Structure formats: C-alpha cells, structure tokens
Amino acid sequence: DSGVTQTPKHLITATGQRVTLRCSPRSGDLSVYWYQQSLDQGLQFLIQYYNGEERAKGNILERFSAQQFPDLHSELNLSSLELGDSALYFCASSRTGRTQYFGPGTRLLVL
Amino acid sequence: AQKVTQAQTEISVVEKEDVTLDCVYETRDTTYYLFWYKQPPSGELVFLIRRNSFDEQNEISGRYSWNFQKSTSSFNFTITASQVVDSAVYFCALSLIGNEKLTFGTGTRLTIIP
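Residues numbered from 1 in each chain as written. Chains lettered and ligands numbered in written order. Predicted model: local features only at pLDDT ≥ 70, side-chain atom pairs only at ≥ 80, totals over all residues. Heavy atoms only, no water.

S.K.: Is there a simple way to think about the overall build of chain A in this case?
M.R.: Looking only at helices and strands, one finds 0 helices and 11 strands in chain A. Secondary structure of chain A in N-to-C order comes out as β-β-β-β-β-β-β-β-β-β-β. Expected size for 111 residues packed as a compact globule is a radius of gyration near 13 Å; at 13 Å, chain A falls within 12% of this value. C-alpha atoms of chain A, sized along the principal axes, occupy 40 × 30 × 25 Å. Sorting the 111 residues of chain A into buried and exposed places 51% on the buried side. Pairs at least 24 residues apart make up 53% of the contacts formed inside chain A by residues separated by at least 6 positions. Of the roughly 5,400 Å² of accessible surface on chain A, 46% is carried by carbon and sulfur atoms. (Helix = DSSP H or I, 4+ residues; strand = E, 2+ residues; numbered from the N terminus. Rg over C-alpha atoms; globule rule 2.2 N^0.38 Å. Buried < 20%, exposed > 50% of the residue type's maximum accessible area, 1.4 Å probe, protein only. Contact = heavy atoms within 4.5 Å. Areas by Shrake-Rupley, 256 points an atom, 1.4 Å probe, with all protein chains shown as cover.)

S.K.: Quick question: what am I supposed to make of the pattern of salt bridges here?
M.R.: Two side chains of opposite charge can pair, provided their charged atoms sit close to one another. Applying the stated rule across the entire model yields 8 salt bridges over all chains. The structure contains a network of salt bridges with shared partners spanning R26, D29 and R95 of chain A. (Salt bridge = Lys/Arg side-chain N within 4 Å of Asp/Glu carboxyl O.)

S.K.: Is there a simple way to explain the sheet that holds strand β7 (residues 64-68) of chain A in this structure?
M.R.: Consider a sheet: its strands pair through backbone hydrogen bonds, and that pairing is either parallel or antiparallel. Residue and element names in this part refer to chain A. As summarised here, the arrangement of the 4 strands in space is β1-β3-β8-β7, forming an open sheet in which the pairing is antiparallel. Of all the strands in the sheet, just β1 (5-7) and β7 have a single pairing partner and so form its edges. Averaged over all pairs of adjacent strands, the angle between strand axes in this sheet comes to 15°, irrespective of strand direction. Pairing geometry for β7 and strand β8 (residues 74-78), over 5 bridges, is antiparallel. By the bridge assignment, S65 is partnered in β8 with N77. (Pairing = 2+ DSSP bridges. Axes fitted to C-alpha atoms, helices over the stretch in contact; angles between N-to-C directions.)

S.K.: Help me understand the interface of chain B and chain A, please; the structure alone is not making it clear to me.
M.R.: One widely used convention gives an interface's size as the accessible area the parts lose upon coming together. Facing the 14 residues of chain B at the interface are 18 residues of chain A. Broken down residue by residue, the surface that chain B buries against chain A is led by L45, E100 and F104 of chain B, which jointly contribute 38%. Summed over the shared surface of chain B and chain A, the result is 1 salt bridge. Residue E100 of chain B pairs with R55 of chain A through a salt bridge whose shortest N-O separation is 3.7 Å. Between the two partners, chain B and chain A, sit 8 residue pairs in polar contact (both at pLDDT 80 or more). Considering only residue class, the side of chain B that touches chain A consists of 8 nonpolar, 2 polar and 4 charged. (Buried area = accessible area lost by both parts, 1.4 Å probe. Polar contact = N/O pair within 3.5 Å; in protein donor to acceptor, adjacent residues only side chain to side chain. Nonpolar A, V, L, I, M, F, W, Y, C, P; charged D, E, K, R; others polar.)

S.K.: Hey, could you run me through the side chain of T99 of chain A in this one?
M.R.: Relative to the elements of secondary structure, T99 of chain A occurs in the loop between β9 (87-94) and β10 (101-102). For T99 of chain A, the side chain forms a polar contact with the side chain of R50 of chain B, separated by 2.9 Å. Those residues in contact with T99 of chain A that sit more than four places away from it in its chain are S93 and S94 of chain A together with F35, Y37, F47 and R50 of chain B.

S.K.: So what exactly am I meant to see when it comes to the nonpolar core here?
M.R.: Within soluble globular proteins, side chains that are nonpolar tend to cluster in buried spots. Ranked by size, the top nonpolar core spans 24 residues in total, and within it W36, F75, F77 and Y90 of chain B carry the most contacts. Counting only elements with at least two residues in this core, the list comes to β2 (10-14), β3 (19-21), β5 (32-39), β8 (64-69), β9 (74-79), β10 (88-96) and β12 (108-113) of chain B. It is β10 of chain B that provides the largest number of residues to this core, a total of 5 residues. By size, the runner-up hydrophobic cluster in this structure holds 21 residues, among which are L11, V19, L46 and L78 of chain A. (Core = buried A, V, L, I, M, F, W, Y, C linked by side-chain atoms within 4.5 Å.)

What follows is the structure, encoded as structure tokens:
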C-alpha cells in the first residue's frame with residue numbers, strides 16, 4: 001500500500017458526460033501528479049500540482065482540468081467524455097519530487 | 001525530449017529461471033533519475049527503484065538487481081530465481097532533475113510459468 005488513495009476505483013459513464021476523480025496523497029506529500037494509462041498511448045503524464053499551484057502540464061486535453069485543494073487532495077475533472085477517454089487514471093504523490101508513489105488508479109469506461 | 005525504450009514486449013520464463021528486462025533511454029540532460037515500476041495483474045503501480053544519473057553503482061535487493069550503464073544509456077533489471085509472484089508488467093521510466101514528470105517506456109509483460 002503506497003499510502004495514496006483514489007476514488008472511485010471504477011467508473012462507467014456515457015459519452016458527453018462529466019466525471020470527477022479524486023486523489024488523496026500520502027501524508028506530508030505536497031506534490032500530486034496525474035497520469036493516464038491507455039492501450040494505445042501507454043502511460044502519459046497529464047498534470048502536476050505542488051501545494052495547491054499548478055506546476056507542470058503534459059498531454060492534458062482542454063476538456064480535462066484539475067485542482068489541488070488546501071488539504072492537498074486533488075481532483076481531476078473530465079468533461080464531454082469520448083469513447084477514447086476510457087483508460088486507467090493514476091494519481092501519484094511525492095515529498096521531494098524525486099520518487100512518485102502511485103495510487104491504485106481509477107478505471108474509467110466511457111460507453 | 002526524453003524517450004524510454006523497452007524493446008521486449010513480452011517475456012515468459014519457467015519458475016526459478018533468471019530473467020533480464022532491458023531498458024534504454026534517451027535524454028540530452030546530464031542529470032536525471034531512472035526508475036523501475038511493477039504493475040501486477042491487480043493494476044496498481046508499485047515503485048521498485050530509483051537511480052541518479054551520477055551514481056552508476058549497481059544495486060541488489062534480494063532477488064532483484066539493476067545494472068545502470070551511462071555509456072550505453074541502459075538501465076536493465078534482473079530477477080534471479082524468478083517466482084510466479086513476479087508475473088507483472090514492468091515499466092522503466094525517466095525524469096529530469098528539475099522537471100518531475102515521468103516518461104515511461106511501453107512496459108514488458110513478464111510471465112513466470114510454474
């Protein structure tokens with residue numbers, strides 16, 4: 001158990017809908033990262049937050065957004081969902097920026 | 001841009017055999033970190049090891065060992081006396097010091113046959 005929690009574990013929704021994925025980092029970790037794992041794209045970095053501020057952006061679609069709250073938990077919002085958004089979404093956290101510890105992931109299925 | 005290549009898509013070995021997973025990376029930066037993560041069938045990503053670019057010492061942890069060679073830009077992972085519990089997808093990854101995003105390889109699916 002990495003200490004990073006993610007909810008929900010599974011999510012099934014329809015095209016055009018909006019969902020929110022939640023992540024709680026390990027105690028004391030200020031950085032939160034979001035990654036997407038899909039069959040065609042592999043593991044891709046989406047976005048990083050550090051202590052509430054956006055620090056780095058990767059291949060994140062405009063339909064996706066994220067935020068980190070004062071209690072350091074983070075949410076990834078996915079809107080206008082398409083079939084191709086079906087993937088495993090991981091959150092990771094880090095204290096020093098060196099090693100990232102991953103949560104169990106949220107498996108999203110868009111029908 | 002950084003790139004990590006894991007040329008072995010799938011490997012199957014019989015239990016107790018040794019197996020080496022290859023990882024080759026590309027970066028123009030001189031300071032970086034290299035990682036191995038394990039993704040068992042349950043789906044989570046488990047951190048195994050981090051190496052700094054300025055530390056080429058090989059590392060051994062139980063049945064696991066890692067060979068880091070800057071001259072060939074490789075960071076290979078060997079499992080000795082493999083066990084069924086080692087069956088998983090293994091990912092090699094790289095991040096730059098000062099830019100924490102992980103660039104992952106495509107992974108190697110390792111199956112240990114009992």
